[in-house]
Amino acid sequence: MVRQATGIGRNVQLLVMFGLGIWVCSSGLLGQIADNWDDIVYLSKQHMVLVGASGAAAILLGIPAGIWLSRPAMERYAETVMQVFNIGTTIPTLAVIALSMTILGIGFAPAFFGLFVASLLPIVRNTYTGLLAVPPHLKEAATGMGMTPRQILFRVELPNALYVIFSGVRTALAINVGTTPLAFLIGGGGLGELIFTGIDLMDTGMLLAGAIPTAALAVMVDFMMGQAQLRLVPKGVNPLR
């Protein structure tokens, strides 16, 4: 059922992209977009660096934080601490970026920080929820076999929670790719330069030269994470296999 729904969602994405491509070609905007090709290549690299750096930082902090909050010693405080991570979702991303600009100035650093904060919650929440959802009898059986808490975490809990953790990472990266265009507003670069400049100049070709690569990157990242989720999560706990 899950695999079928995933396949339908991917087909819908491809259908939308195909339809957009037909519209662009038939409207005569393809030539205008091609005029911005050098900018598209350069700004796409900036876009991917921002996504990769902030996404990797969110993964490196979010997964250990989710593991820490799922431990029995943190049971009373976990939801309270989770509200701290929830700030990144509660406050609009543009406001987070603007606030970070007042502290870090303009350029890469505040853009990185804002995207990092926006990407953090899905990873922490899914790691925490996935570990709590591991059936207690599996952990009891592991304890009965003489495993230490560390061995239970790495050999029982994490493998069973891996599918949910991957879903959180996938959601976080999708949010990140779609939010990165805002980095242009504080000098962070990226495809937002073409999008917002196109809006200011009412230049549809320039606007699409930024919007279409952004959409393509989002689809590509989602596809790559979906394949990683399919192939890296063990078969016995992976509903996609």
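Residues numbered from 1 in each chain as written. Predicted model: local features only at pLDDT ≥ 70, side-chain atom pairs only at ≥ 80, totals over all residues. Heavy atoms only, no water.

Note the following rule: UniProt positions are given in the numbering used here, feature names are shortened, and annotations may be inferred rather than shown by experiment.
As named in an unreviewed UniProt entry, the protein chain is Binding-protein-dependent transport systems inner membrane component, taken from Thioclava atlantica. What UniProt states about the protein chain under its Sequence similarities (unreviewed entry) heading is, verbatim, "Belongs to the binding-protein-dependent transport system permease family." Of the comments in the UniProt record for the protein chain, the one headed Subcellular location (unreviewed entry) reads "Cell membrane".

A word on the overall build of the protein chain
Note the following rule: For helices the rule is a DSSP run of H or I covering at least 4 residues; for strands it is a run of E covering at least 2, with both sets numbered from the N terminus onward. Exposed residues in this analysis have more than 50% of their type's maximum accessible area, buried residues have under 20%, and partly exposed residues fall in between, with area computed by a 1.4 Å probe over protein chains only. Residues are treated as being in contact if the distance between any of their heavy atoms lies within 4.5 Å. With residues, only the protein chains shown are counted as cover, and all accessible areas are computed by Shrake-Rupley using a 1.4 Å probe.
Counting its secondary structure elements, the protein chain contains eleven helices and zero strands. Listing every helix and strand of the protein chain by position from the N terminus yields α-α-α-α-α-α-α-α-α-α-α. Per-residue burial for the protein chain yields a buried fraction of 40% across its 241 residues. Here the contacts in the protein chain between residues at least 6 apart in sequence split such that 74% fall between residues at least 24 apart. Total accessible area on the protein chain stands at roughly 12,900 Å², and carbon and sulfur atoms take up 70% of it.

A closer look at unusual backbone geometry
In this model, Met202 sits at a positive phi of 55 degrees, which is unusual for a non-glycine residue. Structurally, the position occupied by Met202 is in the loop between α10 (192-201) and α11 (204-232).

Observations concerning the UniProt feature "transmembrane region" (unreviewed entry) in the protein chain
Under the local residue numbering, the UniProt record ascribes the feature "transmembrane region" (unreviewed entry) to residues 12-34, 46-69, 81-99 and 206-225. End-to-end, the C-alpha atoms of residues 81-99 are 22 Å apart, and along that stretch the chain is 84% helix and 0% strand.

A word on the packing of helix α3 (residues 37-70) against α11
Each pair of packed helices gets described by two things: the angle between the helix axes and the distance between those axes. Our working definition: Axis angles are defined between N-to-C directions and span 0 to 180 degrees, where every axis is a line fitted to C-alpha atoms and, for a helix, only to the segment in contact. Roughly parallel refers to an angle under 35 degrees, roughly antiparallel to one over 145, roughly perpendicular to one between 65 and 115, and oblique to any angle outside these ranges. Note on convention: the crossing is left-handed when the near helix lies turned anticlockwise from the far helix by less than a right angle, right-handed when the turn is clockwise.
Two elements in contact, α3 and α11, have axes whose closest approach is 11 Å; the angle formed by their N-to-C orientations is 45 degrees. Taken together, the axes of α3 and α11 are oblique relative to one another. Seen from above, α3 lies across α11 with right-handed handedness. Residues Ile40, Ser44, His47 and Met48 of α3 form the contact with α11, whose participating residues are Ala209, Pro213, Thr214 and Leu217.

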